[in-house]
Amino acid sequence: MSSPIVLHLPHASTLIPEDLRNDFLLSNQDLRKELNRITDHATDQIFQQAFPEAKAIVFPVGRLVFDPERFSDDSLELMSQEGMGVTYTRGSLRQPLREQPSQAKREELLEQYYIPHHQKLIEAVEESLLANDHCLIINGHSFPIRLLYRHG
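Cut-offs applied
Residues numbered from 1 in each chain as written. Predicted model: local features only at pLDDT ≥ 70, side-chain atom pairs only at ≥ 80, totals over all residues. Heavy atoms only, no water. Helix = DSSP H or I, 4+ residues; strand = E, 2+ residues; numbered from the N terminus. Rg over C-alpha atoms; globule rule 2.2 N^0.38 Å. Buried < 20%, exposed > 50% of the residue type's maximum accessible area, 1.4 Å probe, protein only. Phe/Tyr/Trp six-rings, centres within 6.5 Å; stacked < 30°, edge-to-face > 60°. Salt bridge = Lys/Arg side-chain N within 4 Å of Asp/Glu carboxyl O. Expected span 1.5 Å × (residues − 1). Bend = angle between axes of the 7 residues up to and from the residue. Contact = heavy atoms within 4.5 Å.

In this section: the overall build of the chain. Within the chain one finds 3 helices and 3 strands. In the chain, the order of α-helices and β-strands from amino to carboxyl end is β-α-α-β-α-β. The globule rule puts the C-alpha radius of gyration for 152 residues at 15 Å, and the 16 Å found for the chain is close to it. Each of the three principal axes of the chain carries a C-alpha extent, and together these read 45 × 35 × 30 Å. Looking at the 152 residues of the chain, the share that counts as buried comes to 45%.

Now the structure itself:
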């Protein structure tokens, strides 16, 4: 029987695929620092240990590549005005991170990461609903002690 719990773990990864590394303007050291600030470190392990029966949907790359919790349409995403839409062009300290990807590159990233991730999430929820008539989605995050970014 399928678990009634689905874990959504969108920001646990620090992976920047090698073929995308040159898109980023930061040095290796500064990129590591930014990933350290903005990643929900070990949330995949923590939540999966806490709920071993749950179906876990873990976003495979770091949120600097693509943020699965942003609207794919920048006109709907408030944070896109700050350079932190579905594709980040600014970091947590508002530093330049990368140029805005071309529409073709953006579509490629949507197809490669965003759409499959959301499809897996939808399928896990539907499976849980069919098996259990209910589903609890736990969206796993961590939060820093100090505010990293203030909008506006």
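Further remarks concern the packing of aromatic side chains. One pass over the structure, following the stated rule, counts 2 aromatic pairs. A ring pair is formed by F59 and Y113, whose centres lie 6.5 Å apart and whose planes are at 70°; its orientation type is edge-to-face. Residue F59 is found in the loop between β2 (55-58) and α3 (103-132), and its partner Y113 is found in helix α3; the two are separated by 54 residues along the sequence. F59 gets classed as buried once you look at its relative accessible area, which sits at 1%. For the pair F66 and Y114, a centre-to-centre distance of 5.9 Å together with 75° between the ring planes defines the contact as edge-to-face. Taken together, the positions of F66 in the loop between β2 and α3 and Y114 in helix α3 put the pair 48 residues apart, joining distant regions of the chain. There is no split in this pair, since F66 and Y114 are both buried.

Moving on to the pattern of salt bridges. Throughout the structure, instances matching the rule amount to 5 salt bridges. Residue D23 pairs with K105 through a salt bridge whose shortest N-O separation is 3.6 Å. One end of the pair, D23, is in the loop between β1 (5-9) and α1 (28-38); the other, K105, is in helix α3, with 82 residues separating them in the sequence. With a relative accessible area of 29%, D23 lands in the partly exposed category. With a closest N to O distance of 3.7 Å, R70 and D67 form a salt bridge. Grouping residues by exposure puts R70 and D67 together as buried.

Once that is clear, we can look at α3. When the terminal C-alpha atoms of α3 are compared, their 41 Å separation across 30 residues agrees well with the 44 Å that a helix rising 1.5 Å per residue should span. The largest bend in α3 amounts to roughly 45° and is located at L110. Among the residues of α3, R106, L109, L110, Y113, Y114, H117, L121, A124, V125, S128 and N132 are the ones counted as buried. On its buried face, α3 sits against β1, β2 and β3 (136-139). In the stretch just after α3, D133 is the one whose phi turns positive, near 65°.

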